[in-house]
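Chain residues, written in single-letter form:
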Amino acid sequence: MNGQQMKRSEERKAPSGERPTRFCPACYAMNEWHAGACARCGAPLETPRDFDARLVWALGHPDGATAIRAADALAARRTPGAIEPLGRMAARDDDPYRAAAAVRALRAFLPDARAAAHLAEARRHPSVIVRREADAASGARG
Ligand SMILES: [Zn+2]
């Protein structure tokens, strides 16, 4: 593995063992569990009930590890509605591990043309970690 790119990836973690909190489904701000609406944006604090919709929602989660688990689960389930959200996650340049996880997940959707388009785009990603995942999709393992 490339040690140079491995420094950053820790993201804010939800405080655990304290009072229960949950993330706003609209803006991902952390709120008191029993709050009815988001303190930051005012959206109702209800996450989607449908499991696939919840996984797609989790792709934007502030906790990178949660987002990566969601991407893996969506890949295993091949949820058709996940391709575009995974494409957006793959294009993010704030956390290469997160983007790489999205690229890895998109590979599970091949030969879907939309997935292929996102993978082609990911081959020009600023992070080598992401580009390497995208290259692996085209058979050029690196
Ligand atoms: Zn909010």
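Anything mentioned here points back to the structure above.
No experiment lies behind these values; they were computed from the predicted model shown. (Residues numbered from 1 in each chain as written. Predicted model: local features only at pLDDT ≥ 70, side-chain atom pairs only at ≥ 80, totals over all residues.)

Undergrad: Looking at this structure, how should I read the overall build of the chain?
TA: Summing up its helical and strand segments, the chain has 6 helices and 2 strands in all. Listed N to C, the secondary structure of the chain is β-β-α-α-α-α-α-α in terms of helices and strands. The burial tally for the chain puts 30% of its 142 residues in the buried class. Excluding contacts between residues fewer than 6 apart, the proportion of contacts in the chain whose partners are at least 24 apart in sequence is 44%. (Helix = DSSP H or I, 4+ residues; strand = E, 2+ residues; numbered from the N terminus. Buried ≥ 20, exposed ≤ 12 C-beta atoms within 10 Å, placed from the backbone. Contact = placed C-beta atoms within 7 Å.)

Undergrad: Please explain the environment of Ile 83 as it appears in this structure.
TA: Relative to the assigned elements, Ile 83 resides in helix H3 (residues 83-91). For Ile 83, a count of 19 C-beta atoms within 10 Å corresponds to the partly exposed category. Those residues in contact with Ile 83, other than ones at most four positions away along the chain, are Leu 106, Phe 109, Asp 112, Arg 114 and Ala 115.

Undergrad: Any chance you could explain helix H4 (residues 96-107) here in plain terms?
TA: Given 3.6 residues per helical turn, the α-helix brings residues three or four places apart onto the same face. Its 12 residues place the ends of H4 17 Å apart at the C-alpha level, agreeing with the 16 Å of an ideal helix rising 1.5 Å per residue. Of all 12 residues in H4, 10 are buried, a share of seventy percent or more. Listing the buried residues of H4 in full gives Pro 96, Arg 98, Ala 99, Ala 100, Ala 101, Ala 102, Val 103, Arg 104, Ala 105 and Leu 106. Those residues of H4 hidden inside the fold are in contact with helix H2 (64-77), H3, helix H5 (113-122) and helix H6 (128-137). (Expected span 1.5 Å × (residues − 1).)

Undergrad: Help me understand H3, please; the structure alone is not making it clear to me.
TA: Buried within H3 are the following residues: Pro 85, Leu 86, Gly 87, Met 89 and Ala 90. Lining the buried residues of H3 we find helix H1 (51-58), H2, H4, H5 and H6.

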